[in-house]
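Structural overview
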Amino acid sequence: MDERAELLLAYDDELRTEAEVREAEAVDRLGPLFVARFAGGRGFVSYRDLGGATAGRIGELVAEVARRFAADGRVVEAEWKTRGHDAAPGLHEALLAHGFVPEDPESIMIGEATKLAVDVELPPGVVIRRVVEEREVRAASAMQDEVFGGPVSEARADELLRKLTRGDGVEEWVAEVDGRFVSAGRIEPVPGTRFAGIWGGATREEWRGRGIYRALTSARARSALAQGKTHITSDSTEFSRPILERSGFVKVSTTTPYVWRR
């Protein structure tokens, strides 16, 4: 088995199903699916695979998931996270038919944390540090919302604050220039696995290409190693994928979120 196949198997075995819904307020089983509801009214669907289901059966599963989310008034937004390597006949068509809208696909990148935990020269005046105070966490979250092109979301900031106060190793890191955050991202160790995920990496356009994202990633990788995690996973945009590839990370698959909104 080559490196990509080994890493993809580890991804499927360790980072799907229970690992994706461990923080949920409620989880129901529906065939191979884990149908979850998180704080803040967010629904989520996870599975190891679809068990060889036919297009007809997949259509039935999607219809039932859509019905459950629609019937639960607490759910305002839900995500069905597809993976490019899954055998899923008819899934795209069924999701579209039931109101799920695809967002941009991302690359699933995996590699050893030590490959990222390197010294990076920063532009003058740039400081990389961890933020823990509510005011700074909210400011970092707002900056990330702006970079990703969406409205500033207090709900996302609230969710980030909840993650940071659980005491299970989740951290938010920023790059700061003269008191202004120009890049931010978090690290999330996955309990019971060798992995930590790096999420939310966002850098203001005028500060890209200067090593800031690499330095921010290095800080998070060092934190992961200190917490006993040997591997890093990331759902990467086309901005961050090449940076991780140059560090020796492997693209094992793709992921496309399909989002339903009330």
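Above: the structure in question.
An account of the accompanying structure is given in this report. The model shown is predicted, which means the values in this text are computed figures rather than measured ones.

Focus: helix α7 (residues 212–226)
With 15 residues, α7 should reach 21 Å at 1.5 Å per residue; the first-to-last C-alpha distance of 21 Å fits that figure. Residues of α7 that are buried sit in contact with β7 (126–131), β8 (171–177), β9 (180–189), β10 (195–203), β11 (231–236) and α8 (241–246). Positive phi appears at G228, one or two residues downstream of α7, with a value of about 85 degrees.

Some thoughts on unusual backbone geometry
Its identity as a non-glycine residue notwithstanding, T17 has a phi of 55 degrees, on the positive side. Structurally, T17 can be placed in the loop between α1 (3–14) and α2 (18–21). Residue classification places T17 among the buried residues on the basis of a relative accessible area of 10%. Phi is positive for D178, which is not a glycine, with a value near 50 degrees. Its location among the elements puts D178 in the loop between β8 and β9. The class of D178 is exposed, set by a relative accessible area of 78%.

Here's the deal with the pairing of strand β12 (residues 250–261)
Counting buried residues in β12 gives 9 out of 12 residues, a clear majority hidden from the surface. Both strand β4 (residues 77–83) and β12 contribute to a ladder of 7 bridges, which runs antiparallel. Considered in β12, the bridge of E79 is made with V259. Relative to β12, strand β5 (residues 101–102) is paired through 2 bridges, and the arrangement is antiparallel. In the strand pairing of β12, P102 is matched with Y258.

With respect to the packing of helix α5 (residues 134–147) against helix α6 (residues 154–164)
Put simply, α5 and α6 touch, their axes get as near as 9 Å, and they point 130 degrees apart. On the basis of their axis angle, the class for α5 and α6 is oblique. The chirality of how α5 crosses α6 is right-handed. The segment α5 lies against α6, with E134, V137, R138, S141 and D145 engaging E154, R156, A157, D158, L160, L161 and L164. Class assignment for the residues of the contact of α5 with α6 results in 5 nonpolar, 1 polar and 6 charged.

Rules used in this analysis
- Residues numbered from 1 in each chain as written.
- Predicted model: local features only at pLDDT ≥ 70, side-chain atom pairs only at ≥ 80, totals over all residues.
- Heavy atoms only, no water.
- Helix = DSSP H or I, 4+ residues; strand = E, 2+ residues; numbered from the N terminus.
- Expected span 1.5 Å × (residues − 1).
- Contact = heavy atoms within 4.5 Å.
- Buried < 20%, exposed > 50% of the residue type's maximum accessible area, 1.4 Å probe, protein only.
- Pairing = 2+ DSSP bridges.
- Axes fitted to C-alpha atoms, helices over the stretch in contact; angles between N-to-C directions.
- Parallel < 35°, antiparallel > 145°, perpendicular 65-115°, else oblique.
- Left-handed = near helix turned anticlockwise from the far one by under 90°.
- Nonpolar A, V, L, I, M, F, W, Y, C, P; charged D, E, K, R; others polar.

In short, shape yes, function no, at least from these values alone.
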